[in-house]
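Okay, here's what each chain looks like letter by letter:
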Amino acid sequence: KETAPFTEVIKELMVNARGLRRFGSAALDLAFVAAGRFDAYYECCLNKWDIAAGVLIVKEAGGKVTDFNGGDKYREGEQIIASNSIIHENLKNVIRAHSTWP
């Protein structure tokens, strides 16, 4: 996959966010969103088994989970945004502004 759009999103977030963290595990990152340790998580090109448990945990904690367009196609793992709901639309807009993903 093309990495330039992903890098552009990271650049914008580095300027406008207090910090960025990644641990390399979708399940752990999603659990941290649910626990309130992270405000949001986004990723592309995962498998559904990478995110299934984490998505449930985020939703049960009151968070929001969508694909990059705000829909429910995240279930296949191709695109996912998970957040505390407060910043979800802003993050989605940043991703969409820099992405070439369908």
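Everything here concerns the structure above.
Because the structure is predicted, anything quoted here is derived from the model rather than measured. (Residues numbered from 1 in each chain as written. Predicted model: local features only at pLDDT ≥ 70, side-chain atom pairs only at ≥ 80, totals over all residues. Heavy atoms only, no water.)

A. Region of interest: the overall build of the chain. Helix and strand counts for the chain come out as four helices and three strands. Traced from its N-terminal end to its C-terminal end, the chain shows the element sequence α-α-β-α-β-β-α. In terms of overall size, the chain behaves like a compact globule, its C-alpha atoms giving a radius of gyration of 12 Å where 102 residues would be expected to give roughly 13 Å. Counting only C-alpha atoms, the chain reaches 30 × 30 × 25 Å along its principal axes. Among the 102 residues that make up the chain, the fraction classed as buried is 36%. Taking the intrachain contacts of the chain between residues at least 6 apart in sequence as the baseline, contacts between residues at least 24 apart amount to 55%. For the chain, the accessible surface area stands at approximately 6100 Å², while carbon and sulfur atoms represent 53% of it. In the chain, 13 positive and 13 negative side-chain charges are present, and the distance between their average locations comes to 2 Å. (Helix = DSSP H or I, 4+ residues; strand = E, 2+ residues; numbered from the N terminus. Rg over C-alpha atoms; globule rule 2.2 N^0.38 Å. Buried < 20%, exposed > 50% of the residue type's maximum accessible area, 1.4 Å probe, protein only. Contact = heavy atoms within 4.5 Å. Areas by Shrake-Rupley, 256 points an atom, 1.4 Å probe, with all protein chains shown as cover. Lys, Arg positive; Asp, Glu negative; His and termini not counted. Charge placed at Lys NZ, Arg CZ, Asp CG, Glu CD.)

B. Structural context of the pairing of strand S1 (residues 40–44). Across the five residues that make up S1, a large majority, four, are buried. Looking at chain direction, S1 and strand S3 (residues 79–83) are connected through five bridges and run antiparallel. Counterpart to Glu43 in the pairing with S3 is Ile80. (Pairing = 2+ DSSP bridges.)

C. Looking closely at the sheet that holds strand S2 (residues 64–66). The strand order S1-S3-S2 describes an open sheet built from three strands, whose pairing is antiparallel. In the strand order of this sheet, the two ends are held by S1 and S2, each with one partner. Across the sheet, the mean angle from the axis of one strand to that of its neighbour is 10 degrees, orientation sign disregarded. For S2 and S3, the ladder comprises three bridges, and the chain directions are antiparallel. Along S3, the bridge assignment pairs Lys64 with Ser83. (Axes fitted to C-alpha atoms, helices over the stretch in contact; angles between N-to-C directions.)

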